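# Structural overview
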Amino acid sequence: MGLMALMALTANAQKFALIDMDYILKNIPAYERANEQLNQVSKKWQAEVEALNTEASTMYKNYQNEVVFLSQEQKKKRQEDIMAKEKEASDLKRKYFGPEGELFKKRESLMIPIQEEIYNAVKDISELRGYSLILDRSSNAGIIFGSPKIDISNEVLEKLGYSK
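Conventions we followed
Residues numbered from 1 in each chain as written. Predicted model: local features only at pLDDT ≥ 70, side-chain atom pairs only at ≥ 80, totals over all residues. Heavy atoms only, no water. Helix = DSSP H or I, 4+ residues; strand = E, 2+ residues; numbered from the N terminus. Buried < 20%, exposed > 50% of the residue type's maximum accessible area, 1.4 Å probe, protein only. Contact = heavy atoms within 4.5 Å. Areas by Shrake-Rupley, 256 points an atom, 1.4 Å probe, with all protein chains shown as cover. Salt bridge = Lys/Arg side-chain N within 4 Å of Asp/Glu carboxyl O. Phe/Tyr/Trp six-rings, centres within 6.5 Å; stacked < 30°, edge-to-face > 60°. Lys NZ or Arg CZ within 6 Å of the ring centre and 35° of its normal. Core = buried A, V, L, I, M, F, W, Y, C linked by side-chain atoms within 4.5 Å. Lys, Arg positive; Asp, Glu negative; His and termini not counted. Expected span 1.5 Å × (residues − 1). Axes fitted to C-alpha atoms, helices over the stretch in contact; angles between N-to-C directions. Parallel < 35°, antiparallel > 145°, perpendicular 65-115°, else oblique. Left-handed = near helix turned anticlockwise from the far one by under 90°. Nonpolar A, V, L, I, M, F, W, Y, C, P; charged D, E, K, R; others polar.

### Details of the overall build of the protein
- A count of helices and strands for the protein gives six helices and two strands.
- N-terminal to C-terminal, the α/β element order of the protein is α-β-α-α-α-α-β-α.
- Out of the 164 residues belonging to the protein, those deemed buried represent 25%.
- Residue pairs in contact within the protein that sit at least 24 positions apart in sequence constitute 75% of those at least 6 positions apart.
- Accessible area of the protein: about 11600 Å², with a carbon and sulfur share of 55%.

Here it is as structure tokens:
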């Protein structure tokens, strides 16, 4: 009987805390700057891809207008040129926006240091306060209710040097 009571006490003694990662990130200027950089480069790259698509489209319209005047060889050459331009646009899009593309790499290089800094601050606070578990309330991880008393988001920001 005593062992069961001790186990129940131990289970109840675990401490939990919440953080709001969205809130923390919005209060870190480096994160906002990184997002702005990503938006700028994304717009620039999107414009490059769109320019190639427009070029391919123009080539196709010109081909349609001139097709009756072209020899078989000229038709074939124009069709190949159009397909090459479309492929160039597709390849560029994949290079910039694909799963392992330049935007992914850029986001990773900008965000990982910020995420690691937050993780280390959370870990330090967790060890200092004896928390067994810290959940992110902004991740929709099934948290129905989280008491503001156990939200340590401001403490994480303070530890990172951003007081609120």
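### Thoughts on the pattern of salt bridges
- Under the definition given, this model contains 12 salt bridges.
- Across the pair Lys 76 and Glu 80 runs a salt bridge, and its minimum N-O distance is 3.9 Å. Taken together, the residues span about one helical turn, with Lys 76 and Glu 80 both in helix 4 (residues 72-97) at a distance of four residues.
- Judged by its relative accessible area of 52%, Lys 76 is exposed.
- Of the charged contacts in the structure, one is a salt bridge between Lys 123 and Glu 127, with a shortest N-O distance of 3.6 Å.

### Comments concerning the packing of aromatic side chains
- Scanning the model with the defined rule gives three aromatic pairs in all.
- Between Tyr 96 and Phe 97, the ring centres sit 6.3 Å apart and the planes meet at 80°, which makes this aromatic pair edge-to-face.
- The ring of Tyr 131 carries the charged tip of Lys 15 above its face, separated from the ring centre by 5.3 Å.

### Looking at the nonpolar core
- Core analysis: the biggest nonpolar cluster contains 28 residues, and Ile 24, Ile 28, Ile 114, Ile 118, Ile 152 and Val 156 have the highest contact counts within it.
- Elements supplying a minimum of two residues to this core: strand 1 (15-19), helix 2 (21-26), helix 3 (29-66), helix 4, helix 5 (102-129) and helix 6 (153-159).
- Tallying contributions element by element places helix 5 first for this core, with eight residues.
- Leave out the neighbours within four places in its chain, and Val 156 touches Ile 19, Ile 24, Ile 118, Ala 121, Val 122 and Ile 125.

### So, the side chain of Asp 20
- Topologically, Asp 20 is positioned in the loop between strand 1 and helix 2.
- One buried charged residue, Asp 20, remains without a salt bridge, the closest side chain of opposite sign being Arg 137 at 5.4 Å.
- What Asp 20 contacts, discounting residues up to four positions off in sequence, is Asp 136, Arg 137, Ser 138, Asp 151 and Ser 153.

### Quick word on the side chain of Ser 126
- Structurally, Ser 126 is set in helix 5.
- Overall, Ser 126 belongs to the buried group, its relative accessible area being 15%.
- Sequence-distant contacts of Ser 126, that is, excluding residues within four places in its chain, are made with Tyr 131 and Ile 134.

### Considering helix 4
- With 26 residues, helix 4 should reach 38 Å at 1.5 Å per residue; the first-to-last C-alpha distance of 37 Å fits that figure.
- Where helix 4 is buried, its residues meet helix 3 and helix 5.

### Here we look at the packing of helix 3 against helix 4
- Where helix 3 meets helix 4, the axes come as close as 9 Å, and the angle between the chain directions of the two elements is 165°. When the interaxial angle is binned, helix 3 and helix 4 end up roughly antiparallel. Judged by the sense of rotation from one axis to the other, the crossing of helix 3 with helix 4 is left-handed.
- For the contact of helix 3 with helix 4, the residue count by class is 12 nonpolar, five polar and 10 charged.

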